[in-house]
Amino acid sequence: MTGAPGMTTLLVIAKEPVPGRVKTRLTPPYSPRQAAALAEAALADTLDAVLRAPARRRVLVLDGAPGPWLPPGFDVVPQTSGGLDERLAAAFAGCTGPTLLVGMDTPQLTPALLEPALRPDAWLGCDAWFGPAQDGGFWAVGLAEPDPSLFPGVPMSTDRTGEIQRARLTDAGLRVRDLPVLRDVDTAADAAEVAARAPGSRFAAALRAADLPPGPLRILPMPAGHADAGRTEAL
């Protein structure tokens, strides 16, 4: 299959950053409010990266309601009920043509990391793209022809989730190419490592604020002209 720049749909699957509902593995050491601020920063960084990448359409597949962290340029569709495997299937069911989905747990994401799956020859001799996560999961999955049947039944949130999901793709006869391995933010150790590798990100700023003495937490916008300064492109 061939493609042209900007002809891929980009999906972000995310949860509204509400205290007590997001990043619960960060508490402790962080409070639910701090964990939600970190989740909001990670989501804002992710949306920014997707917004700066070429795409036919950008869609936020959201559990919850949009907030001020959502920039213009995204369609918003609600997540369906069920497990993550079913919600991934439903997200792809609403798309046609080449589609790449990412999560909100890798705030170190940059357009350059997505570029291999978005360039003009990305789908030439390729049916799927897969972004493995360091913890055994995955941070991205893309399909030249969306097929919701490729996700139900894959066990999520295990150290073999990525292995099983990738095998589901290859067992279906798909030709799979891999994106770089990234580290998801699940624990405080993950947060520190990712922030260190992306020091100019909103996420790193939010983590620095969370590590200060108690006080109002505020996520600052990226400075003008920040581009990807200080951010690494692979873990």
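Described below are features of the structure shown in this document. What you see is a predicted model, and the numbers here were worked out from it, not measured in a lab. (Residues numbered from 1 in each chain as written. Predicted model: local features only at pLDDT ≥ 70, side-chain atom pairs only at ≥ 80, totals over all residues. Heavy atoms only, no water.)

1. Some details on the packing of aromatic side chains
- All chains considered together, the criterion is met by two aromatic pairs.
- Taking the centre distance of 5.1 Å and the plane angle of 15° together, the rings of Phe92 and Phe151 count as stacked. Of this pair, Phe92 sits in helix H2 (residues 84–93) while Phe151 sits in the loop between strand E6 (138–143) and helix H4 (161–171), placing them 59 residues apart in sequence. Phe151 carries the same exposure label as Phe92, and that label is buried.
- Here the aromatic rings of Phe130 and Phe138 are separated by 5.3 Å at their centres, their planes lie at 40°, and the arrangement is tilted.
- Classification of Phe130 as buried rests on a relative accessible area of 2%. (Phe/Tyr/Trp six-rings, centres within 6.5 Å; stacked < 30°, edge-to-face > 60°. Helix = DSSP H or I, 4+ residues; strand = E, 2+ residues; numbered from the N terminus. Buried < 20%, exposed > 50% of the residue type's maximum accessible area, 1.4 Å probe, protein only.)

2. With respect to the pairing of strand E5 (residues 128–132)
- Taken across its five residues, E5 has five buried, putting it largely inside the fold.
- Side chains of E5 alternate between two faces, with Ala128, Phe130 and Pro132 and Trp129 and Gly131 buried alike.
- Bridge count between E5 and E6: five bridges; the pairing is antiparallel. From the neighbouring strand, Ala128 faces E6, where its bridge partner is Leu143.
- Linkage of E5 to E6, two consecutive antiparallel strands, is achieved through a turn of five residues, within which Gly136 is found at a positive phi near 100°.
- Here E5 runs beside strand E7 (residues 176–178); their pairing, made up of three bridges, is parallel. Counterpart to Ala128 in the pairing with E7 is Val176. (Pairing = 2+ DSSP bridges.)

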